[in-house]
Structures are given as structure tokens and as C-alpha cells.
Amino acid sequence: MIGGADHGASPFNRVTQARRQPGSAFKPFIYSAALERGFTPASIILDAPVVFDSGEAGDWRPENNEGRFYGPTRLREALVRSRNLVSIRVMRSLGVAYTLDYVQRFGFPPKHLPRDLTAALGTAQLSPLEVATGYAVFANGGYRVEPYLIDRVENARGEVVMRAEA
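Remember, it's a predicted structure, so these values are computed and weren't measured experimentally. (Residues numbered from 1 in each chain as written. Predicted model: local features only at pLDDT ≥ 70, side-chain atom pairs only at ≥ 80, totals over all residues. Heavy atoms only, no water.)

### Comments concerning the overall build of the protein chain
- Helix and strand counts for the protein chain come out as 5 helices and 6 strands.
- Here the protein chain has a C-alpha radius of gyration of 19 Å; the compact-globule value for 166 residues is 15 Å, and the former is much larger.
- If you line up the protein chain on its principal axes, its C-alpha atoms span 60 × 35 × 30 Å.
- Considering the protein chain as a whole, with its 166 residues, one finds that 36% of them fall into the buried category.
- Contacts in the protein chain between residues far apart in sequence, at least 24 positions, make up 62% of those at least 6 positions apart. (Helix = DSSP H or I, 4+ residues; strand = E, 2+ residues; numbered from the N terminus. Rg over C-alpha atoms; globule rule 2.2 N^0.38 Å. Buried < 20%, exposed > 50% of the residue type's maximum accessible area, 1.4 Å probe, protein only. Contact = heavy atoms within 4.5 Å.)

### Observations regarding the packing of aromatic side chains
- Evaluation of the coordinates by the stated rule reveals 12 aromatic pairs.
- With centroids separated by 4.9 Å and ring planes inclined at 80°, the aromatic side chains of Phe 29 and Phe 108 adopt a geometry described as edge-to-face. With Phe 29 in helix 1 (residues 27–36) and Phe 108 in the loop between helix 4 (96–103) and helix 5 (128–139), this pair connects stretches of sequence that are 79 residues apart.
- Phe 108 gets classed as buried once you look at its relative accessible area, which sits at 2%.
- For the pair Phe 29 and Phe 138, a centre-to-centre distance of 5.3 Å together with 20° between the ring planes defines the contact as stacked. Of this pair, Phe 29 sits in helix 1 while Phe 138 sits in helix 5, placing them 109 residues apart in sequence.
- According to the relative accessible area criterion, Phe 29 is buried, its value standing at 1%. (Phe/Tyr/Trp six-rings, centres within 6.5 Å; stacked < 30°, edge-to-face > 60°.)

### Comments concerning the packing of helix 1 against helix 4
- In the contact formed by helix 1 and helix 4, the axes pass within 9 Å of each other and the chain directions differ by 110°. Considering their axes alone, helix 1 and helix 4 lie roughly perpendicular with respect to each other. Mapping the contact onto sequence places Phe 29, Ile 30, Ser 32, Ala 33 and Glu 36 in helix 1 and Tyr 98, Thr 99, Tyr 102 and Val 103 in helix 4.
- Its residues assigned to classes, the contact of helix 1 with helix 4 comprises 6 nonpolar, 2 polar and 1 charged. (Axes fitted to C-alpha atoms, helices over the stretch in contact; angles between N-to-C directions. Parallel < 35°, antiparallel > 145°, perpendicular 65-115°, else oblique. Nonpolar A, V, L, I, M, F, W, Y, C, P; charged D, E, K, R; others polar.)

### Topic: the pairing of strand 6 (residues 160–163)
- Bridge count for strand 5 (residues 152–154) against strand 6 is 3 bridges, and the pairing is antiparallel. Looking across to strand 6, one finds that Arg 152 is bridged to Arg 163.
- Hairpin connection, strand 5 to strand 6: the antiparallel pair is bridged by 5 residues, and Gly 158 has positive phi, about 85°. (Pairing = 2+ DSSP bridges.)

Given below as C-alpha cells:
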């Protein structure tokens, strides 16, 4: 679980300690909040330019990765195509506070979630373990489980055939 070439050279645990922006990998959690609030996969949301006044930072003009806009788009298509503007509009419709409270159900620590619409684009600072734990909720039928680590594998006779390195 170290994620580096040599634990002796660097004991930094990249699975639990490295924080990165998950980017579009975070969008399913936003869309899950939308489904909870009555959106359906067939809901249509406008994929068009939008400008937000960011005060001293200037205007924020988010775009899709392709630099294009696609007009009215079904929610399911927006998720499949990772449409940034639809994700932002969905989160704006739900409200930032509701959306961020909702995604905490997946185990994401609130202190690492930005309290603004950029969260729809995956600007949270999350560890790989936190993201995997969040996705496990989908795989477990909506139930969150605490991850655990396998430190050894035994055969049918109870003999250890593999042990995790310390």
C-alpha cells in the first residue's frame, strides 16, 4: 500500500496520505445527489456557457474539456460524456450545501471538500483510499463500509502463503 518503489527510502503512504483532485471521477457522487433529489437519468439540463462573478479573482467561465457546448443534454449522457457545464448546473440546482452534505455519506471528509461549485468538477482534495471507499458505496448497494487491509493470505491448511510487507 505504500505506492512507492522503496518504503525504506520513503515511508509516505500514497494510498492514505496523498491528496489529489479526483476531477471527473467525482461527478458520479454529484449525480447521485441529483437522483436523490428527484432528477432522473432522462432529466434534461442545458449544456451552455455560463459566467460566474468571482469577485477579485475575476469571472469564472467553466468549459467542457472539448471546448464545445452541446445544448439540452440528458443527465445520463452528461455523466457518460463528463459534461462540466451540466455538472455545475446540477450542483447549482441542488445547492452547494445540500450537495456537499450528501457526498459526505460516501465518506468524504468535509474539510477536504471545496464549499463552492468547483466541487462539481472534482476539485476536492481526496486520497485514493477515500475515492475507492466512496465508489464502494455504489458497489455495496448504497451501504458504506469501512475499508480493511489484507495483511496475509492463508491456504486451506491455514498456512500463510503471502504476507504484506511492513
